[in-house]
Amino acid sequence: MNKRKVYIFLGFSFAYLAGMFSSDIKSYFIKEVYSTEYGNLVFKCDQAMREHFIAKQVVAAKPNAEHASSLMQAEIALIDCQDYDLARKKLLSFGLNEYDLIELSLRAIEEKSEDIRKVVEIHEIRYD
Amino acid sequence: MKFDTIKPFLCALAVWFVFAYTYEAAYAGLRDNTLIDAGKHFIYSTSLTPIDPNIKKASLGSKLFEDVRLSFNGKMSCALCHIDKFGSSDGLRNSIGIGGEGEGSERLDSDGLVVPRNSLPLWGRGESDFQTFFWDGKVEKEGGKVRSQFGDYAPSNDPLTVAIHLPFVEIREMVNDDYEVKSSLKTESVKSAEKIYDRLLERVKENQEYVSAFDELYFLKLDEIEFIHIADAIKVFIQSKFRLQKTRFEKYVKQESVLSPDEVAGGLIFFGKGKCVSCHSGRHFTDFKYHSIPFVQAGFGKNGFGVDYGRFNVTHDPDDLYKFRTPPLTNVEKTAPYGHSGSALTMEEAVIYHFDPLRLISTENMTPLERSEFYKKLLASSEDSELIPYLDDDEVDTLILFLKTLSYEESSE
């Protein structure tokens, strides 16, 4: 085999491999670039949803103007979830799929969790 | 390359730009609309009763406000603790009262007596809906009646007029803490206060310019002038000079101006996850209620030895321990330091004290008494535990950008 044929073979091989893994490579870089930003948004939306749930429960238990006002503030705070949704759409449009986003969410949760109990709490099956 | 070749590409790019712009605009619209609605609901839901202060009375009040003769030793005036460059406060943690010299930090180097509270700014105090005065609300109007240290002998049924009376008879503030005062005037009675008012009134009556002004503006002869007329002139001056003006945020809510995206984001924190508006609501950005924020005590404290019981000093109700009236936020960026004893030097610290005070203090450097007091304040603040938010540092910075939109623009001052 002469030198020219070797180069052509290597070129085709490289192109074939790049084509095969290009999607994975792109996903890897996008995930590395956006993981911190996305993780923060996951946390903020989660926090906003928890606060909103508590505010709703407080209004249900003790309905008054003060608690209704707190609920309105909790609703405004849900704008963080709008940011989270927009980030999801942006990352999907960049070519990430749902599994990639789940992975980023899990990374964020693990960053925020201080011990294994938190991980168990997130992953255990509950029947309620 | 021919144009036909790149035409599809250019068309696709144009469509993408139009889509992106519309998307961004719609999203910005959501944020702006949410913030404008929140501003209308929580802050500007009521309109102000217009006040039209008499300019000549205001001018007389301005002179009295600056006149050092209206203090016991003849060297202290209202203006020395309410200075324009400090947003009508004095720029100090604890004010330096009688005996002090100079402005701001210069007063720390003098022999002035320490007043154990942070000097309050005067913005909006002259508006008709402002009826609760001082950190502990020691002058307030409730049920149509003014409650104050004067008890049933309040000089007026207007809370601002009553509030103006107090610094003139407050020991350390405008009255010396010397032998004469201790032996004859330190009686905690209205009669002692009247003796001081009489002494100050005599000095005013010795000034022909003042006498002529009271004759012209209040139709009073020399023997008819009383201290309440002095207080009234100062009140008109406060109504005139420190009236509420339109802030950038108010202009934004009324759609006369725009805020930057970061300022809008800060506003959404103020009305949303920061829960600031739970207490800082209404035109003055205060609910006029009493809350406990675990600020460390700077200085000796109203109750001495670094203790300040706040509202409890007025009501003697144990539920009021360590509570202070929510401070208004008008021009807040200019009124540092913050808190009842000025322990927060910056707006950032003041915000952080609301939800993460331990970040700002070194408990190991505190005395056991200081730590004990701090624990009690933490416990008192836990009554509002559902109001304590979590904000990261970027959110604190963004919130501060919004707080700066509550200032009057330079041109309108």
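The coordinates are above.
Here we summarise the structure given alongside this text. (Residues numbered from 1 in each chain as written. Chains lettered and ligands numbered in written order. Predicted model: local features only at pLDDT ≥ 70, side-chain atom pairs only at ≥ 80, totals over all residues. Heavy atoms only, no water.)

### Some points on the overall build of chain B
Phase 1 of the analysis: Of the regular secondary structure elements, chain B holds 13 helices and 7 strands.
Phase 2 of the analysis: The contacts of chain B with a sequence gap of at least 6 include a subset with a gap of at least 24, amounting to 66%.
Phase 3 of the analysis: Summing over all exposed atoms, chain B offers an accessible surface of approximately 20,000 Å²; the carbon and sulfur share of this is 55%. (Helix = DSSP H or I, 4+ residues; strand = E, 2+ residues; numbered from the N terminus. Contact = heavy atoms within 4.5 Å. Areas by Shrake-Rupley, 256 points an atom, 1.4 Å probe, with all protein chains shown as cover.)

### As for a nonpolar patch on the surface
Residues and elements named next belong to chain A.
Phase 1 of the analysis: A contiguous nonpolar surface patch, about 770 Å² in accessible area, is contributed by Tyr16, Leu17, Met20, Phe21, Ile25, Tyr28 and Phe29.
Phase 2 of the analysis: Examined against the element boundaries, Met20 turns out to sit in helix 1 (residues 3–61).
Phase 3 of the analysis: Taking relative accessible area as the criterion, Met20 reaches 44% and is therefore assigned partly exposed. (Patch = residues over 30% accessible without salt bridge, like charges linked within 9 Å, V, L, I, M, F, W, Y side chains within 5 Å. Salt bridge = Lys/Arg side-chain N within 4 Å of Asp/Glu carboxyl O. Buried < 20%, exposed > 50% of the residue type's maximum accessible area, 1.4 Å probe, protein only.)

### Re the packing of helix 2 (residues 55–66) of chain B against helix 7 (residues 227–241) of chain B
All names here are of chain B.
Phase 1 of the analysis: Between helix 2 and helix 7, the shortest axis-to-axis distance is 7 Å and the interhelical angle comes to 105°. By the angle between their axes, helix 2 is roughly perpendicular relative to helix 7. Contacts from Lys57, Ala58, Leu60, Gly61, Ser62, Leu64 and Phe65 of helix 2 reach helix 7 at Ile230, Asp232, Ala233, Ile234, Val236, Phe237 and Ser240.
Phase 2 of the analysis: For the contact of helix 2 with helix 7, a count of residues per class yields 9 nonpolar, 3 polar and 2 charged. (Axes fitted to C-alpha atoms, helices over the stretch in contact; angles between N-to-C directions. Parallel < 35°, antiparallel > 145°, perpendicular 65-115°, else oblique. Nonpolar A, V, L, I, M, F, W, Y, C, P; charged D, E, K, R; others polar.)

### Focus: the environment of Pro116 of chain B
Residues and elements named next belong to chain B.
Phase 1 of the analysis: Note on placement: Pro116 falls in the loop between strand 2 (114–115) and strand 3 (132–133).
Phase 2 of the analysis: Residues Pro116 and Glu173, 57 residues apart in the sequence, show an inter-C-alpha distance of 9.6 Å.
Phase 3 of the analysis: Excluding residues that lie within four positions of it along the chain, Pro116 makes contacts with Asn94, Gln297, Gly301, Lys302 and Asp308.

### Notes on the pattern of salt bridges
Phase 1 of the analysis: Scanning the model with the defined rule gives 37 salt bridges over all chains in all.
Phase 2 of the analysis: The partner of Arg107 of chain A in a salt bridge is Glu32 of chain A, and the shortest N-O contact between them spans 3.6 Å. Pair noted here: Arg107 of chain A is in helix 4 (residues 98–112) and Glu32 of chain A is in helix 1, with a separation of 75 residues, a long-range link.
Phase 3 of the analysis: A salt bridge links Glu250 of chain B to Arg283 of chain B, with the nearest nitrogen and oxygen atoms 3.7 Å apart. Within this pair, whereas Glu250 of chain B is found in helix 8 (residues 248–253), its partner Arg283 of chain B is found in the loop between helix 9 (261–271) and strand 6 (290–291), the two being separated by 33 residues in sequence. The exposure classification of Glu250 of chain B matches that of Arg283 of chain B, with both residues buried.

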